[in-house]
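# Coordinate analysis (summary)
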Number of protein chains: 2
Amino acid sequence: MSSSVSSPALFRERLQSQQARIDRALERLTPPESEYPPSIHQAMRYSLFAGGKRIRPILCLEAAAAVSDATPGIEAPASALEMIHTYSLIHDDLPALDNDDFRRGKPTCHKVFGEAIAILAGDALLTRAFQVVGEMEAPPERRIAIVRELAQAAGTVNGMIGGQVADLEAERKPVEEAHLHYIHRAKTAALIRASLRVGAIFAGASDSQLHALSRFGEQIGLAFQIVDDVLDVVESSAGLGKTAGKDAQQQKATFPALYGVERSREMARHAQQQAVAALEPFGERAVRLRELAALIVERSA
Amino acid sequence: MSSSVSSPALFRERLQSQQARIDRALERLTPPESEYPPSIHQAMRYSLFAGGKRIRPILCLEAAAAVSDATPGIEAPASALEMIHTYSLIHDDLPALDNDDFRRGKPTCHKVFGEAIAILAGDALLTRAFQVVGEMEAPPERRIAIVRELAQAAGTVNGMIGGQVADLEAERKPVEEAHLHYIHRAKTAALIRASLRVGAIFAGASDSQLHALSRFGEQIGLAFQIVDDVLDVVESSAGLGKTAGKDAQQQKATFPALYGVERSREMARHAQQQAVAALEPFGERAVRLRELAALIVERSA
């Protein structure tokens, strides 16, 4: 179906323009470095603008676009998703957690600003995300539904923190299949699923549209994490912008550890197919989401 | 005016019954220890139920009671305030921040569960607070207004995190008056003021009622922090349940350091008077808030 894909050049252009849109929104929605006390705002901005690909906010924008032609203000909840993602990276990188010195090729927040400010910068980005949603232009019932989505996806019960704890506790233990699936669903897929749902809710999706986009988000979130695990095994540190092979070194519960690289790759492709199947009711409107699904599975680093 | 105070025995009884009401709500609104992954829920509950006096949630309940006779469900936003307060204590106590081993006479969260889980338990309580407000029973516009209050008070711009950063950066430097006032207003008074405002908003306060309760909250928040500083100087560690004299040892910016103990006590009493004056429009309805103001200024440890 030629109608379901655009040219690679057009897709790349669209992607860059969405990234720029999110960067502008994050710039506007984060206190300036000069705001007192400056160190915390410098640290928040350092990590927010450290080269993130803005995958979650772009999924949010495209979910909204699949539902409605005009969703002015959608950059606000999209930015909140990126703030929550960035907070989780800052805290994950801390010495007490994954103890990473580099992220996307740059020194991590605590290496630059010290542990105290890094802990507080993570706290501040999480807090700011809810403030942005609280203050954005949208009907109150949609704003509060988005607060619920973010808090649930970021929380301890099948959410990001739950996944992070399960991941920490799985280190240096034999990997069990059910446990691995919990970690991936909670640690990564929950916030990716929420990215789709937040965009859909903001745009006024029907129940069936919300359901379809949730399903897409779950499957694409799963594919995303499997690909991440595979890249940690097959790529060099230079390509990843962080220390490669750390998962194996820390004996993390990963898909390649349990299934091997080839079967993991197949599983990622299968999840992508399931994700794309869920978009069927949207027809042409979901062309960008299908392209993003392909990008996520085919990305190198 | 005998009508404006109740007997000390009745007041104590009311206080205990409010504390029990908040404890029951926190019990209900926090995932059980058995919820997967258990360690994070154990850590959240350990710190939530470590003997806190529930001052912020009780201020919230009494602000609501000053505005309206019936505010069913007020325990939810009151509990959210206590979750945010508890998260801030867990993170403040971390080795990278204040490095405290004891809090209210018990080992701090990271001493019991390790640093990684303590960082995540703080994150989880902050996240849970917003989830509770997102899910509570109240008109959407009041729920979203409360999200805004909490995020603003907990944030970096004149909020709790801003105050914490300013406090860290003030250590071992000469104390300046304006800086000290910023720290106290942001680090402590902002969340206490929000406790009053959240109760008022939940109860449907008018603009002038909200304004009066905000003013009360600012002044009582200021008094609270001055008394805290004074207690750190004059009390023993046993009475405080934490290490006494730490402020002086860490050369923290405090009221006694700048003004001496006696003048600080006078300033706390003055703030109390200002707070009580702000309650005038409420007449008899504010009797509990006046009693709480007296309790805050007169408490020993």
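Anything mentioned here points back to the structure above.
A few points on the structure. Everything numeric in this text was worked out from a predicted model, so none of it was measured.

### Topic: the overall build of chain A
Check the secondary structure of chain A and you find 15 helices and 2 strands. Expressed as a percentage of the 301 residues in chain A, the buried residues total 59%. Taking as baseline every contact in chain A between residues at least 6 positions apart, the subset at least 24 positions apart corresponds to 74%. Here chain A has roughly 11,700 Å² of accessible surface; of this, 50% comes from carbon and sulfur atoms. Across chain A, 34 positive and 38 negative side-chain charges occur, with their mean positions spaced 2 Å apart.

### Description of the side chain of Glu62 of chain A
Mapped onto the secondary structure, Glu62 of chain A falls in helix 3 (residues 55-67). Discounting residues that sit within four places of it in the chain, Glu62 of chain A has contacts with Arg14, Gln18, Arg288, Leu289 and Leu292 of chain A.

### Overview of the pattern of salt bridges
Residues and elements named next belong to chain A. All chains considered together, the criterion is met by 30 salt bridges over all chains. Residues Asp101 and Lys111 are paired through a salt bridge, measuring 4.0 Å at the closest nitrogen-oxygen approach. Of this pair, Asp101 sits in the loop between helix 4 (75-93) and strand 1 (102-103) while Lys111 is found in helix 5 (residues 109-113), placing the two residues 10 residues apart along the sequence. For Glu149, the salt bridge identified is with Arg197, shortest N-O distance 2.8 Å. You can see Glu149 sitting in helix 7 (residues 140-154) and its partner Arg197 sitting in helix 9 (residues 177-202), a full 48 residues away along the chain. Overall, the relative accessible area of 15% leaves Glu149 in the buried class. Here the salt bridges share partners, and the residues they tie into one network are Asp98, Asp167, Lys187 and Lys252.

### Topic: the packing of helix 2 (residues 38-48) of chain B against helix 6 (residues 115-135) of chain B
Residues and elements named next belong to chain B. In the contact formed by helix 2 and helix 6, the axes pass within 9 Å of each other and the chain directions differ by 75°. Compared by their axis directions, helix 2 and helix 6 come out roughly perpendicular. Where helix 2 approaches helix 6, its residues Ser39, Ile40, Ala43, Met44 and Leu48 are matched on the opposing element by Ile117, Leu120, Ala121, Ala124, Leu125 and Arg128. Classifying every residue of the contact of helix 2 with helix 6 by side-chain character gives 9 nonpolar, 1 polar and 1 charged.

### Quick look at the interface of chain A and chain B
If you look at the interface, chain A gives 48 residues, while chain B gives 48 residues. Viewed at the interface, chain B and chain A are joined by 0 salt bridges. Linking chain A with chain B are 10 residue pairs in polar contact (both at pLDDT 80 or more). If you list the elements that add at least two residues to the side of chain A that touches chain B, you get helix 2 (38-48), helix 4, helix 6 (115-135), helix 7, helix 8 (160-170) and helix 9 of chain A. By residue number, the principal contributor to the side of chain A that touches chain B is helix 6 of chain A, which donates 14 residues. Considered class by class, the residues forming the side of chain A that touches chain B number 28 nonpolar, 12 polar and 8 charged.

### Considering unusual backbone geometry
Residue and element names in this part refer to chain A. Note the cis peptide between Tyr36 and Pro37, where omega equals -10°. Relative to the assigned elements, Pro37 resides in the loop between helix 1 (8-29) and helix 2. One non-glycine residue, Arg54, lies in the positive phi region at around 60°. Mapped onto the elements, Arg54 comes out in the loop between helix 2 and helix 3. Its relative accessible area of 3% is what places Arg54 among the buried residues.

### Quick notes on the packing of aromatic side chains
All names here are of chain A. Taken as a whole and judged by the stated rule, the model has 7 aromatic pairs over all chains. Between Tyr46 and Phe113 the ring centres are 5.6 Å apart and the planes differ by 70°, which places this aromatic pair in the edge-to-face class. One end of the pair, Tyr46, is in helix 2; the other, Phe113, is in helix 5, and 67 residues separate them in sequence.

### What about the relation of the copies chain A and chain B?
Least-squares fitting of chain A to chain B yields an RMSD of 0.0 Å, with the superposition described by an axial translation of 0.0 Å and a rotation of 180°. Such a combination of rotation and displacement between the chain copies is what one expects of a two-fold axis. Comparing contact sets, 100% of the residues at the interface of chain A also lie at the interface in chain B, consistent with an isologous, same-surface contact.

### Side note on the nonpolar core
Membership of the largest hydrophobic core comes to 165 residues, with the highest contact counts inside it found for Phe216 of chain A together with Phe216 of chain B. Those residues within four positions of Phe216 of chain A in sequence are excluded, and the remaining contacts are Leu59, Leu196, Ala275, Val276, Ala278, Leu279, Leu289 and Ala293 of chain A.

### Thoughts on helix 6 of chain B
Compared with an ideal rise of 1.5 Å per residue, which puts 21 residues at 30 Å, helix 6 of chain B spans 30 Å between its outermost C-alpha atoms and is within 8% of the ideal. In terms of burial, helix 6 of chain B is a largely internal element, 19 of the 21 residues being buried.

### Comments concerning the environment of Glu298 of chain A
Position of Glu298 of chain A relative to the elements: it lies in helix 15 (residues 287-298). Residue classification places Glu298 of chain A among the exposed positions, given a relative accessible area of 60%.

### Concerning the environment of Val276 of chain B
Residue and element names in this part refer to chain B. Along the chain, Val276 turns up in helix 14 (residues 261-278). Look at Val276 and you get partly exposed, because its relative accessible area is 26%. With 213 residues separating them in the primary sequence, Val276 and Ala63 have C-alpha atoms 13 Å apart.

### Describing the packing of helix 1 of chain A against helix 3 of chain A
Residue and element names in this part refer to chain A. Packing of helix 1 against helix 3 leaves a shortest axis separation of 10 Å and a crossing angle of 105°. Taken as axis vectors, helix 1 and helix 3 run roughly perpendicular relative to one another. For the pair helix 1 and helix 3, contact is made by Arg14, Leu15, Gln18, Gln19, Arg21 and Ile22 and by Pro57, Ile58, Leu61 and Glu62, respectively. The residue makeup of the contact of helix 1 with helix 3, split by class, is 5 nonpolar, 2 polar and 3 charged.

### Quick look at the environment of Arg143 of chain A
All names here are of chain A. Residue position: Arg143 is located in helix 7. You can call Arg143 buried: its relative accessible area is 11%. Each C-alpha atom of the pair Arg143 and Met44 lies 24 Å from the other, and the pair is 99 residues apart in sequence. Here Gly134 takes part through its backbone oxygen, which lies 2.9 Å from a polar atom of the side chain of Arg143. Within the local environment of Arg143, its side chain forms a polar contact with the backbone oxygen of Ala138, the two atoms lying 3.0 Å apart.

Rules and cut-offs
- Per chain, the residues get numbers from 1 upward, laid out in the order the sequence is written.
- Here chains are named by letter from A upward and ligands by number from 1 upward, in the order in which they appear as written.
- The model is predicted, so local features are restricted to residues of pLDDT at least 70 and side-chain atom pairs to those at 80 or more, both for listing and for counting; the totals for chains, interfaces and linings are taken over all residues.
- Calculation of side-chain values draws on the structure's entire complement of heavy atoms; hydrogens and water are dropped beforehand.
- A run of DSSP states H or I qualifies as a helix once it reaches four residues; a run of E qualifies as a strand once it reaches two. Both are numbered from the N-terminal end.
- A simple rule labels every residue: compare its accessible area, found with a 1.4 Å probe on the protein chains alone, to the largest value its type can have, and call it buried under 20%, exposed over 50%, or partly exposed in between.
- Note on contacts: a residue pair qualifies if any of its non-hydrogen atoms lie within 4.5 Å across the two residues.
- Only the protein chains shown count as cover for residues, with accessible areas throughout obtained via the Shrake-Rupley method and a probe of 1.4 Å.
- In this tally, Lys and Arg are treated as positive and Asp and Glu as negative; His is ignored, and so are the chain termini.
- We put the charge of a Lys on NZ, of an Arg on CZ, of an Asp on CG and of a Glu on CD.
- Between Lys or Arg on one side and Asp or Glu on the other, a salt bridge is scored when a side-chain nitrogen of the former is within 4 Å of a carboxyl oxygen of the latter.
- For every element, the axis is a line fit to its C-alpha atoms; helices are fit only across the contacting stretch, and the angle between N-to-C directions ranges from 0 to 180 degrees.
- When describing relative orientation, an angle under 35 degrees is termed roughly parallel and one over 145 degrees roughly antiparallel, while 65 to 115 degrees is termed roughly perpendicular and anything else oblique.
- Each residue gets one label: Ala, Val, Leu, Ile, Met, Phe, Trp, Tyr, Cys and Pro are nonpolar, Asp, Glu, Lys and Arg are charged, and the others, such as Gly, are polar.
- Each polar contact in these results corresponds to two N or O atoms within 3.5 Å; when the atoms are within protein, one needs to be able to donate a hydrogen and the other to accept it, and residues that are neighboring in sequence are counted only if both atoms are side-chain atoms.
- Aromatic rings from Phe, Tyr and Trp, taking only the six-membered ring of Trp, are treated as a pair when their centres fall within 6.5 Å; an angle between ring planes under 30 degrees marks them as stacked, one over 60 as edge-to-face, and anything in between as tilted.
- Our superposition of the copies is a least-squares fit, built on the C-alpha atoms of residues whose pLDDT is at least 70 in both.
- By nonpolar core we mean a set of buried residues, namely Ala, Val, Leu, Ile, Met, Phe, Trp, Tyr and Cys, connected to one another through side-chain atoms within 4.5 Å.
- Here the expected length of a helix is defined as 1.5 Å per residue gap, with one fewer gap than residues.

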